[in-house]
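Results of the structural survey
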Amino acid sequence: MLNERCLAELEEYIRSGRLEEDYGYSAEDRKMEILDYLERLMDLAEEADRVATRLLLPKIAAFAPPPLHEK
């Protein structure tokens, strides 16, 4: 389960520029790993947006795309 501390640490890591700095100093295999993490994070953000829409706007949710696990 996520908690505020986990999200705050991730936010600070990204916004501070440390992620980009780590990427710049990393070997190629680590760079690919970082990019894979970012892609996964973006996919999760899209899913979180869909869930939030269904929770907050149930009548509109009928028109929202299905969850990722139903594709």
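The shown structure was predicted, so the numbers you read here are calculated from the model rather than taken from an experiment.

1. A few points about the overall build of the chain
The helix and strand tally for the chain stands at 4 helices and 0 strands. Helices and strands in the chain line up, N terminus first, as α-α-α-α. Within the span of the chain, comprising 71 residues, buried residues form 13% of the whole. When the accessible surface of the chain is split by element, carbon and sulfur atoms take 60% of a total near 6,300 Å².

2. Describing the packing of aromatic side chains
This structure, assessed with the given rule, holds 0 aromatic pairs. Sitting above the plane of the Tyr23 ring, Lys31 keeps its charged end 5.2 Å from the centroid.

3. Let's talk about a negative patch on the surface
There is a patch of like negative charges on the surface, built from Asp36, Glu39, Asp43, Glu46 and Asp49. Tracing the sequence through the fold places Glu46 in helix H3 (residues 28–56). Under the relative-accessibility criterion, Glu46 is labelled partly exposed at 46%.

4. With respect to the confidence of the model for the chain
Averaged over every residue, the pLDDT of the chain is 88; residues scoring 70 or more account for 86%. Per-element averaging of pLDDT across the chain places helix H4 (residues 58–61) at the bottom with 67 and helix H2 (residues 18–25) at the top with 97.

5. Considering the pattern of salt bridges
Summed over the entire model, instances satisfying the criterion amount to 6 salt bridges. For Arg50, the salt bridge is made with Glu47, and the minimal N-O distance between the two is 3.1 Å. In this pair, Arg50 and Glu47 are both assigned in helix H3, 3 residues apart and thus about one turn of the helix distant. Across this residue pair, the class does not change: Arg50 and Glu47 are buried.

6. Things to note about the packing of helix H1 (residues 4–15) against H2
Contact geometry for H1 and H2: axes closest at 5 Å, N-to-C directions at 65 degrees. Contacts between H1 and H2 pair Glu12, Tyr13 and Ile14 from the former with Arg18, Leu19 and Asp22 from the latter. Residue classes in the contact of H1 with H2 are distributed as 3 nonpolar, no polar and 3 charged.

7. What about a nonpolar patch on the surface?
Taken together, the side chains of Leu10, Ile14 and Leu41 present a nonpolar region at the surface, about 200 Å² in accessible area. Using a relative accessible area of 33% as the deciding quantity, one classes Leu10 as partly exposed.

Calculation criteria
Here the residue numbers are simple positions, counted from 1 along each chain's written sequence. This being a predicted model, a pLDDT of at least 70 is required before a residue's local features are given, and a value of 80 or more before pairs of side-chain atoms are given or counted; all residues contribute to the totals for chains, interfaces and linings. Water and hydrogen atoms play no part in the side-chain values, which are based on all heavy atoms of the structure. A run of H or I in DSSP counts as a helix once it spans at least four residues, and a run of E counts as a strand once it spans at least two, with each numbered from the N terminus. Using a 1.4 Å probe on the protein chains alone, a residue whose accessible area is under 20% of its type maximum counts as buried, one over 50% counts as exposed, and one in between counts as partly exposed. Areas reported as accessible are Shrake-Rupley estimates using a 1.4 Å probe. Residue values count occlusion only from the protein chains shown. Stacked, edge-to-face and tilted labels apply to pairs of Phe, Tyr and Trp rings (six-membered ring for Trp) whose centres lie within 6.5 Å, assigned for plane angles under 30 degrees, over 60, and everything in between, in that order. Both a distance and an angle decide whether a charge sits over a ring: NZ of Lys or CZ of Arg must be within 6 Å of the ring centre and within 35 degrees of the ring normal. The patch calculation keeps residues exceeding 30% relative accessible area without a salt bridge and links them within 9 Å when they carry like charges or within 5 Å when they are nonpolar (Val, Leu, Ile, Met, Phe, Trp, Tyr). When a carboxyl oxygen of Asp or Glu is within 4 Å of a side-chain nitrogen of Lys or Arg, the pair counts as a salt bridge. Think of it this way: Lys and Arg go in the positive column, Asp and Glu in the negative one, and His and the chain ends go nowhere. A single reference atom marks each charge: NZ on Lys, CZ on Arg, CG on Asp, CD on Glu. Per-residue confidence from the predictor is reported as pLDDT, which spans 0 to 100. Fitted lines through C-alpha atoms give the axes, limited to the stretch in contact for helices. The angle between two N-to-C directions lies from 0 to 180 degrees. Whether two residues touch is decided by their heavy atoms; if any such pair falls within 4.5 Å, the residues are in contact. Residue polarity follows a fixed list, in which Ala, Val, Leu, Ile, Met, Phe, Trp, Tyr, Cys and Pro are nonpolar, Asp, Glu, Lys and Arg are charged, and the others, Gly among them, are polar.

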